[in-house]
Amino acid sequence: MITDFSGPSCWTRVLEKTVPMDMMAETGTMGASHGWVLTSKYGPYLSDDLNPGVSESDFSGIVLPDFETLPHCQTELVTNVAMSSSSPDDEDCILAVKFVGPQLSLCRPAEKNKKWVNIRIEDPAFFNSRVMYTKRDKKFAMPAYGGTHIGYWDLGENLEKPKLCRNGLYTPQLLQSEWEELDLCCTVEELVESRSTQEMFMIKRFRKRNNNKGGRMEEHQIWVFKQGLNRCNPLQWCYTNDIGDLCIFLSKSEPFCLKASSHQKCQNSIYFIDKSERGIFTLGGKCKTSNFSNFTAPYFIPPQSYLNANRSSNPSNSP
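For clarity, every value in this text was computed on a predicted model and none was experimentally measured.

(A) Spotlight on the overall build of the protein chain. Assigned secondary structure in the protein chain consists of two helices and 24 strands. Of all 319 residues assigned to the protein chain, the portion counted as buried reaches 51%. Long-range pairs, those at least 24 residues apart, make up 50% of the contacts in the protein chain between residues at least 6 apart in sequence. Just so you have it, the protein chain exposes about 15300 Å², and 49% of that area is on carbon and sulfur atoms.

Now the structure itself:
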């Protein structure tokens, strides 16, 4: 079942569309971006089976070269995938696969003679980071653990040597007891870009184990940091609980940001889904509404209008 999320209600209707059952297995998918899913059961393969805008008769797929494992790296476990365009058929589209550990691999899916360009990241702070593509900077970007710095990679000058930007995070003021509670959480940082406003946000997620519910992991708190709020230092990341008429979507797919009023969604909110929890976090009220189930394909897919607006913009040799 693919839930249509485009209406004013959170979970409005289920589309009549079937997908291969292999994708519903624990190891069926490696990641997704813009509705395209990367699988590896019979070798790396990109397909649009999970895209609600594509009918069963019109689905397409792209066979990719086998992964090449660099020394002291692995290519079985994937952190996530990202694409520089909403369609891998675009000539300049570049697919990025971030493996758990040091390896980042890039490939142009539309090329006739496809090949992987493999990068070994030296900084351990990026080993578990999630990769995203920023249209503003025309590069792939990852936040280091803790959000202390951001690395940028492309197929040009920042291939072997990434561009690194050191960050200063201005966190909210909390009581000592609140800090102690957050210290019990697992944290992860993600970058997301609002392409309608040209803003970049860093998301810091806090997840906590609920021993009263069988030890399941639950979303506990979500912080949003934005650049440019500090006039004296516009490169600093400052905490904010107000992103205006925007909403952010976090899942196992590449994150994205929409104008809430244009898509009948709750403004100043974060929609999230993982393997066991799906919900909405309201930034202004710092409150969460969620439900728990087994979500075997926990992907948010952007609406077709977003995909159409973000087709490749001829990024030359820099994705």
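(B) Structural view of the pairing of strand S23 (residues 277-282). Burial analysis of S23 places five of its six residues in the buried class, the great majority of the element. Pairing between strand S22 (residues 269-273) and S23: five bridges, direction antiparallel. Bridge pairing in S23 links Phe 272 to Gly 279. Connecting the antiparallel pair S22 and S23 is a turn made up of three residues.

(C) The arrangement of unusual backbone geometry in detail. Residues other than glycine seldom take positive phi values, yet His 72 does so here, at roughly 65 degrees. The residue His 72 is located in the loop between strand S6 (61-63) and strand S7 (78-83) in this model. The phi dihedral of Gln 198 is positive, around 60 degrees, even though this residue is not glycine. Positionally, Gln 198 belongs in the loop between strand S16 (186-194) and strand S17 (199-210).

(D) Geometry of the nonpolar core. Counting 16 residues, the largest nonpolar core has Leu 38, Leu 46, Leu 64, Phe 67, Leu 95, Val 97 and Trp 116 as its most contacted members. Contributions of two or more residues to this core are made by strand S4 (36-39), S7 and strand S8 (95-99). Non-local contacts of Leu 46, meaning those with residues more than four positions away in its chain, are made with Trp 36, Val 37, Leu 38, Ser 60, Gly 61, Ile 62, Leu 64, Met 83, Pro 88, Leu 95 and Pro 109. In this structure, Leu 104, Phe 126, Met 142 and Trp 153 belong to the second largest nonpolar core, which totals 15 residues.

(E) Here's a closer look at the pattern of salt bridges. Evaluation of the coordinates by the stated rule reveals 15 salt bridges. Arg 195 serves as the salt-bridge partner of Glu 193, at 3.4 Å between the closest nitrogen and oxygen. With respect to burial, Glu 193 and Arg 195 carry one shared label: buried. Ionic pairing is found between Lys 226 and Glu 199, a salt bridge with its closest N-O pair at 2.5 Å. Here Lys 226 is found in strand S18 (residues 216-227), whereas its partner Glu 199 is found in strand S17, with 27 residues between them in sequence. Among the residues examined, Lys 226 registers a relative accessible area of 18% and is labelled buried. Residue classification places Glu 199 among the buried residues on the basis of a relative accessible area of 19%.

Rules of the game
- Residues numbered from 1 in each chain as written.
- Predicted model: local features only at pLDDT ≥ 70, side-chain atom pairs only at ≥ 80, totals over all residues.
- Heavy atoms only, no water.
- Helix = DSSP H or I, 4+ residues; strand = E, 2+ residues; numbered from the N terminus.
- Buried < 20%, exposed > 50% of the residue type's maximum accessible area, 1.4 Å probe, protein only.
- Contact = heavy atoms within 4.5 Å.
- Areas by Shrake-Rupley, 256 points an atom, 1.4 Å probe, with all protein chains shown as cover.
- Pairing = 2+ DSSP bridges.
- Core = buried A, V, L, I, M, F, W, Y, C linked by side-chain atoms within 4.5 Å.
- Salt bridge = Lys/Arg side-chain N within 4 Å of Asp/Glu carboxyl O.

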